[in-house]
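If you want the building blocks of each chain, they are given just below.
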Amino acid sequence: MRCPYCRANDDKVVDSRLSEEAIAIRRRRECLACGRRFTTYERVEEAPLLVGKRGGATEPFDAAKLRSGIERSASGRLDRTTVDELVADVEEELRSVGGEVPSDRVGMAVLERLRALDHVAYLRFASVYKGFEDLADFEREVGELQKTTEPKQR
Ligand SMILES: [Zn+2]
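Conventions used here
- Residues numbered from 1 in each chain as written.
- Predicted model: local features only at pLDDT ≥ 70, side-chain atom pairs only at ≥ 80, totals over all residues.
- Heavy atoms only, no water.
- Helix = DSSP H or I, 4+ residues; strand = E, 2+ residues; numbered from the N terminus.
- Buried < 20%, exposed > 50% of the residue type's maximum accessible area, 1.4 Å probe, protein only.
- Core = buried A, V, L, I, M, F, W, Y, C linked by side-chain atoms within 4.5 Å.
- Contact = heavy atoms within 4.5 Å.
- Donors = N, O, S within 2.8 Å, 3.2 Å for Na, K, Ca; no water.
- Tetrahedral: all angles 85-135°; square planar, octahedral: opposite > 155°, others 65-115°.
- Expected span 1.5 Å × (residues − 1).

A.B. asks: Looking at this structure, how should I read the environment of Ala 8?
C.D. replies: With respect to the helices, strands and loops of the structure, Ala 8 is situated in the segment before β1 (11-18). Using a relative accessible area of 19% as the deciding quantity, one classes Ala 8 as buried. Separated by 26 residues in sequence, Ala 8 and Cys 34 have C-alpha atoms that sit 8.1 Å apart.

The structure is reproduced here in structure tokens:
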């Protein structure tokens, strides 16, 4: 950052915080040449994350929508903190992919984690996500669960 007083390009950050609306990071800086302090604002710009639907349409990733889907499945099974972490975790994974992610990838990212957390929540989510229609669908999925979660032989 260039110092607005002496134009030197050497400073240290003395304080850093998110603005009230969380849209900018406010940094208090001290010029290492003249010792004066100044403030900079850096916009928090996250690349938009898009979710590609099966029909070809895309929509912006909606963490609130994802959370409510997970909450329904996790009701009475997982506490709020766990759900929060799960949503944040999934979002982080998707953002690391960036750009446009297929909706299947979102569903799979959730299922992967639910499977490790709670089988009932997993099955509820899977039943909505995979569109289970009858008991056979459940039984097949439970079979898969048992297969994939058997302890590994050492
Ligand atoms: Zn300066």
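A.B. asks: How should unusual backbone geometry be read in this particular structure?
C.D. replies: Most peptide bonds take the trans form, and the phi angle of most residues other than glycine is negative. Backbone geometry at Arg 7 places phi at a positive 70°, although glycine is not the residue there. Position of Arg 7 relative to the elements: it lies in the segment before β1.

A.B. asks: It is not clear to me how the nonpolar core should be interpreted in this structure. Could you clarify?
C.D. replies: When a protein is soluble and globular, its nonpolar side chains tend to lie buried together. Counting residues in each nonpolar core, the largest one holds 25 residues, and the members touching the most others are Leu 66, Ile 70, Val 90, Leu 94, Val 110 and Leu 114. Only α1 (63-74), α2 (80-97), α3 (103-117) and α4 (119-129) provide two or more residues apiece to this core. If sequence neighbours within four positions are ignored, Leu 94 has contacts with Leu 49, Phe 61, Val 101, Arg 105 and Val 106.

A.B. asks: Teacher, can you tell me more about the coordination of the zinc ion here?
C.D. replies: Reference values for coordination geometry: four tetrahedral donors around a metal ideally subtend 109.5 degrees, six octahedral donors ideally subtend 90 or 180 degrees. Bound to the zinc ion on the protein side are Cys 3 (SG), Cys 6 (SG), Cys 31 (SG) and Cys 34 (SG), at distances that span 2.3 to 2.4 Å. Note that the zinc ion binds 4 donor atoms; their angles at the metal cover 105 to 116°, and the shape is tetrahedral. Sequence positions of the residues that donate to the zinc ion give the spacing C-x2-C-x24-C-x2-C. The class of Cys 31 is buried, set by a relative accessible area of 2%.

A.B. asks: Is there a simple way to think about α3 in this case?
C.D. replies: Given 3.6 residues to a turn, an α-helix orients residues that are three or four positions apart in the same direction. Taking 1.5 Å of rise per residue, the 15 residues of α3 would be expected to cover 21 Å, and the 21 Å separating its terminal C-alpha atoms lies within 8% of that figure. Taken together, the buried positions of α3 are Ser 103, Val 106, Gly 107, Ala 109, Val 110, Leu 111, Arg 113 and Leu 114. Looking at the buried side of α3, the elements it contacts are β4 (50-52), α1, α2, β6 (100-102) and α4.

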